[in-house]
Amino acid sequence: MGLPFNRTPEGRIDQRRFGGHTRNHGEAAVRRSCYAADRTGHMILQTLYQNCIKEGVEFFNEFYVLDIILNEDSGEPVAAGAVAYELATGEIHVFRAKSVVFATGGYGKVWKTTSNAHTLTGDGMGIIWRNGLPLEDMEFYQFHPTGLAGLGVLLTEGARGEGGILRNASGERFMERYAPTIKDLAPRDMVARAMVQEVREGRGAGPNKDYVYLDLTHLPAEQVESKLPDITEFSRTYLGVDPITELVPVFPTAHYAMGGVPTNVDTEVLRDNEHVVPGLYAAGEVACVSVHGANRLGTNSLLDINVFGRRAGIEAAEYANSVEHAELPDDPQGATIALVERLRSASGSERTAVLRKDMQDTMDMNAQVYRTEATLKQALSDVQELKARYANVSIQDRGTRYNTDLIEAIELGFLLDLAEVTVVSALERKESRGGHAREDYPNRDDVNFMRHTMAYKSEDVSGEDYVRLDYKPVTMTRYEPMERKY
């Protein structure tokens, strides 16, 4: 399609080192990652979008999907379409479809410090959850080591792939103590924990000793400017730091969900451990295949969405060509209209921004890189209290056109649901594995926890919603999981 990858002098696609990319299970770092400067994902997005325009694909911009339509006449759910809110007019639209593909991304805005955009509020996962379908492995969330300190803006792992070094306040290259073989290019979960540990033990930098440094000053200026132009600009713009001559303050930032909507390898959405929802597909961060296990390696999210995005398109088209439209239920948009009108007319005393900040604060404090039973129980108590307060939320904009106040209130509901699922799942996984680090259970426990968590929205006898957990066996193929040693 013409993606502008960086090239070697011989004209071949260039490759760089990346975290966790090794030979012989950690023996040494390897150059595996193809790249386009430090904006590979953005270039993939642009290339795909340009080709969609070339092929005449129609986009419904500023339409927010708020529900999926499932036909359950046969006793089992079948995809029948989706319901969307049009931001420009406030109108509700029903899209009838034989196949529906979710590619809605993650939910990083559950945390305060995140690399995710303001709109990454997990709506896709939330819609699936509210329709009684499960979410898988939600306790596994990745915190990228190098976010701009205090902001969370991402500085690519490619910086360390080009030779960048992490240093503590005394200038020590501390990753030599945590991963002697590959040092700063250890997997992201290991590097993030090491950074937090340095700060905890008093070796953090800055006036509050609450971050570490990314050092690029030993690299040639031309290399940094040409191969890392975005992070150079971000550092200068947001922190007033020039990475050519100064150390860049960094700290872990909420980045990527390994869990999500469970699918099989053909991207069909599962309604339990074995059975799929005909016509419903998911790909990318919203989905949990699970090819990433408990910790995704850098670059693999882009491989994931390209491989499984293609599979989803093929499978959805083949299915659509083989069936008739499922009948729409009576009033398919009714629940969405009720949600919108309830929020638009609500007169409660709670404000969306206040509730969102309180949720993000407790998740940052209690369910971030390190977790314990006590901190997770505190987060769960806080989130459940916030859900009760959310019932009393109101908005100030009562209009219909471009009502972002309304949209943010709806998004907060999804975020609170996903925060609760994440914390409940993390509480019950009494071990440490990948992106889930329990200080009270520091070791991996394959005997009891070599299994996927499956969370379901259920009702107790009093009609109150709660998170019910089940488990799914791990599929073992040619690669047996083993202890990581670097």
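This report concerns the structure included in the present document. (Residues numbered from 1 in each chain as written. Predicted model: local features only at pLDDT ≥ 70, side-chain atom pairs only at ≥ 80, totals over all residues. Heavy atoms only, no water.)

1. Some remarks on the overall build of the chain
The condition is simple: Helix and strand assignments come from DSSP, with helices taken as H or I runs of at least 4 residues and strands as E runs of at least 2, each series counted from the N terminus. Here the globule rule is a power law, 2.2 Å times the number of residues to the power 0.38, and the radius of gyration is based on C-alpha atoms. Working rule for contacts: check all heavy atoms of both residues, and any pair within 4.5 Å makes them a contact. Only the protein chains shown count as cover for residues, and the accessible areas themselves come from Shrake-Rupley with a 1.4 Å probe. Charge assignment: positive for Lys and Arg, negative for Asp and Glu; neither His nor the chain ends contribute. In this description, the location of a charge corresponds to atom NZ of lysine, CZ of arginine, CG of aspartate or CD of glutamate.
Across its full length, the chain carries 13 helices and 19 strands. Against the globule reference of 23 Å for 486 residues, the chain gives a C-alpha radius of gyration of 23 Å, in line with a compact fold. Taking the principal axes of its C-alpha atoms as reference, the chain extends roughly 65 × 50 × 50 Å. Put simply, of all contacts in the chain between residues at least 6 apart along the chain, 68% involve residues at least 24 apart. Just so you have it, the chain exposes about 21800 Å², and 49% of that area is on carbon and sulfur atoms. Taking the average location of the 53 positive side-chain charges in the chain and that of its 72 negative ones, the two points are 6 Å from each other.

2. Some details on the sheet that holds strand β14 (residues 276–282)
To keep it simple, the criterion reads: Here a strand pair is declared whenever DSSP counts at least two bridges between the two strands. Axis angles are defined between N-to-C directions and span 0 to 180 degrees, where every axis is a line fitted to C-alpha atoms and, for a helix, only to the segment in contact.
The strand order across the open sheet built from three strands is β6-β14-β13, with neighbouring strands paired in mixed fashion. The open sheet terminates on both sides in strands that have one partner only, identified here as β6 (100–102) and β13 (268–270). Sheet twist, expressed as the mean angle between neighbouring strand axes with direction ignored, is 55 degrees. With three bridges connecting them, β6 and β14 associate as parallel partners. Its bridge partner lying in β14, Val100 is registered against Leu280.

3. Quick notes on the environment of Gln368
As for its position among the elements, Gln368 is in the loop between α10 (352–366) and β16 (370–371). Discounting residues that sit within four places of it in the chain, Gln368 has contacts with Trp111, Phe143, Pro252 and Met363.

4. Considerations on the nonpolar core
Heads up, the condition is: Throughout, nonpolar core names a set of buried Ala, Val, Leu, Ile, Met, Phe, Trp, Tyr and Cys residues whose side chains join them through atoms within 4.5 Å. Between buried and exposed lies partly exposed: a residue is buried under 20% and exposed over 50% of the maximum accessible area for its type, with that area taken using a 1.4 Å probe on protein chains only.
In this structure, Phe102, Tyr107, Met125, Leu135, Leu280 and Met363 are the most contacted members of the largest nonpolar core, which totals 97 residues. Not counting residues within four places of it along the chain, the set of residues in contact with Leu135 comprises Met125, Ile128, Trp129, Gly260, Val261, Pro262, Leu418, Val421, Thr453, Met454 and Ala455. Among the nonpolar cores identified, the runner-up in size contains 12 residues, and Val78, Tyr281, Ala316 and Ala326 belong to it.

5. Thoughts on the packing of aromatic side chains
Our working rule: For Phe, Tyr and Trp, rings pair up if their centres lie within 6.5 Å, where Trp contributes its six-membered ring, and each pair is then called stacked (planes under 30 degrees apart), edge-to-face (over 60) or tilted (otherwise).
Under the counting rule described, the total for this entry stands at 12 aromatic pairs. Measuring from centroid to centroid gives 5.4 Å for Trp111 and Phe143, while their planes differ by 90 degrees, and the two rings are edge-to-face. Of this pair, Trp111 sits in the loop between β6 and α2 (123–130) while Phe143 is found in strand β8 (residues 141–148), placing the two residues 32 residues apart along the sequence. You'll find Trp111 and Phe143 in the same group, each marked buried.

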